[in-house]
Amino acid sequence: MVNLGLSPLAIQSILKKENWVDIYRNELIERTSNLSEIDFPSERFSDLIKPYLKKALKKELSESPDIVNIRETIQRWMTISHNKSSLLIKLLDLVPEELNKSNEIISHFKDVPIGPQNADIVEQMSEIERVRWHEGNIATFFAVLSINNIVGLFISELFYTIEAMCRVICIGSCLEFAVKSVLPTTIIQHDEVYKTLKRLGLDSNFKVVCKICPASQECSGIDSYSKLASIYELFYHLRVIKDYRAEFYFEKELIGFLVNEYLTKGFETTSICDKIVDRLFHNYMRAPISVADQKEKISKILRQLKSNLKIKGTKKTLGRLNR
């Protein structure tokens, strides 16, 4: 497994490599393989974190902690992750449709020269050819960018969905992270989520706060947390490339990798993270529906709507023909 790192410089070093898309493809396959909720401790929050969390908050706030606030913190991040996952489901449904539309547009204007042309060539064009050159470039660029932008939206929402879920997982697994999450004055950044997951995967930890943590005796390293940290790291890389790098729009191999592999693997990871959350908090807090069930039901509704629209469209066409 390649050491990716969680910094702009780390991403830049990967992009300098000629086979950087293959690196991310291989890392996606390796890092998402064998991730399973059963490898995470059951009821960790209720059995280990919650008793110490109440004591720590009472000491920190110099008063009895409001248990509702603990629940509200967990509920907030669970709700955010589920709300964002709904958009992922919609985008998964939208990408194939957009690909078909884009391919139709590109095929229709395949004879049109793309981009700036020699002035002599433009002068030799007829007025009709110039109009078609103008419209073809607009339509082709729109078709290509439309796919990039929809996939890019999926990449961003996937990262923030996974991050919200990982925050809940960290609350349910690490006392320090749980205290910081509930305290109203603390802001937790991306790197702390990542570092907490990595630390939870270590057999031994040299961090002072871990040594004095009252839960440390029962907090042994579980490799699955390291695997989850590595997935978080990979998703962060692709989110940054999408937001800040021109390669996202101009590397042809990248979009193929994202459409054919990343979308499916990304959503599968979301569903597993959702199950991890349920395993950690099962007797304390549960979502009314899982991400996997949500996708199944929404997909069924969308299929029914499309089928109904096709039937209505056919009836309208037949009605016009029979007039």
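This text follows the structure it describes.
Our subject in this report is the structure included herewith. (Residues numbered from 1 in each chain as written. Predicted model: local features only at pLDDT ≥ 70, side-chain atom pairs only at ≥ 80, totals over all residues. Heavy atoms only, no water.)

**Examining the environment of A143**
- Looking at where A143 falls in the secondary structure, it is placed in helix α6 (residues 127-171).
- For A143 and F257, which are 114 residues apart along the polypeptide, the C-alpha to C-alpha distance reads 18 Å.
- Excluding residues that lie within four positions of it along the chain, A143 makes contacts with S102, I105 and I106. (Helix = DSSP H or I, 4+ residues; strand = E, 2+ residues; numbered from the N terminus. Contact = heavy atoms within 4.5 Å.)

**Thoughts on a nonpolar patch on the surface**
- On the surface, I114, F141, L145, Y249 and F250 cluster together into a nonpolar patch covering about 520 Å² of accessible area.
- Broken down by secondary-structure element, the contributors of at least two residues to the nonpolar patch are α6 and α11 (247-250).
- Here F250 shows up in helix α11. (Patch = residues over 30% accessible without salt bridge, like charges linked within 9 Å, V, L, I, M, F, W, Y side chains within 5 Å. Areas by Shrake-Rupley, 256 points an atom, 1.4 Å probe, with all protein chains shown as cover. Salt bridge = Lys/Arg side-chain N within 4 Å of Asp/Glu carboxyl O.)

**Regarding the nonpolar core**
- Ranked by size, the top nonpolar core spans 82 residues in total, and within it Y24, L53 and I74 carry the most contacts.
- The element contributing the most residues to this core is α6, with 15 residues.
- Every residue in contact with L53, bar those within four places of it in the chain, is listed here: F45, I70, L175, A178, V179 and V182. (Core = buried A, V, L, I, M, F, W, Y, C linked by side-chain atoms within 4.5 Å. Buried < 20%, exposed > 50% of the residue type's maximum accessible area, 1.4 Å probe, protein only.)

**Digging into the state of the cysteines**
- Summed over all chains, the structure comprises 0 disulfides.
- There is no disulfide at C170, and the cysteine sulfur nearest it, in C166, is 6.4 Å away.
- Taking relative accessible area as the criterion, C170 reaches 0% and is therefore assigned buried. (Disulfide = S-S within 2.5 Å.)

**A few points about helix α2 (residues 20-32)**
- Compared with the 18 Å implied by 1.5 Å per residue over 13 residues, the 18 Å span of α2 between its first and last C-alpha is a close match.
- All of the buried residues in α2 are W20, V21, I23, Y24, R25, E27, L28, R31 and T32.
- Lining the buried residues of α2 we find α1 (8-15), α10 (223-244), α11 and α12 (252-281).
- Within two residues after α2, N34 carries a phi angle of roughly 65 degrees, on the positive side. (Expected span 1.5 Å × (residues − 1).)

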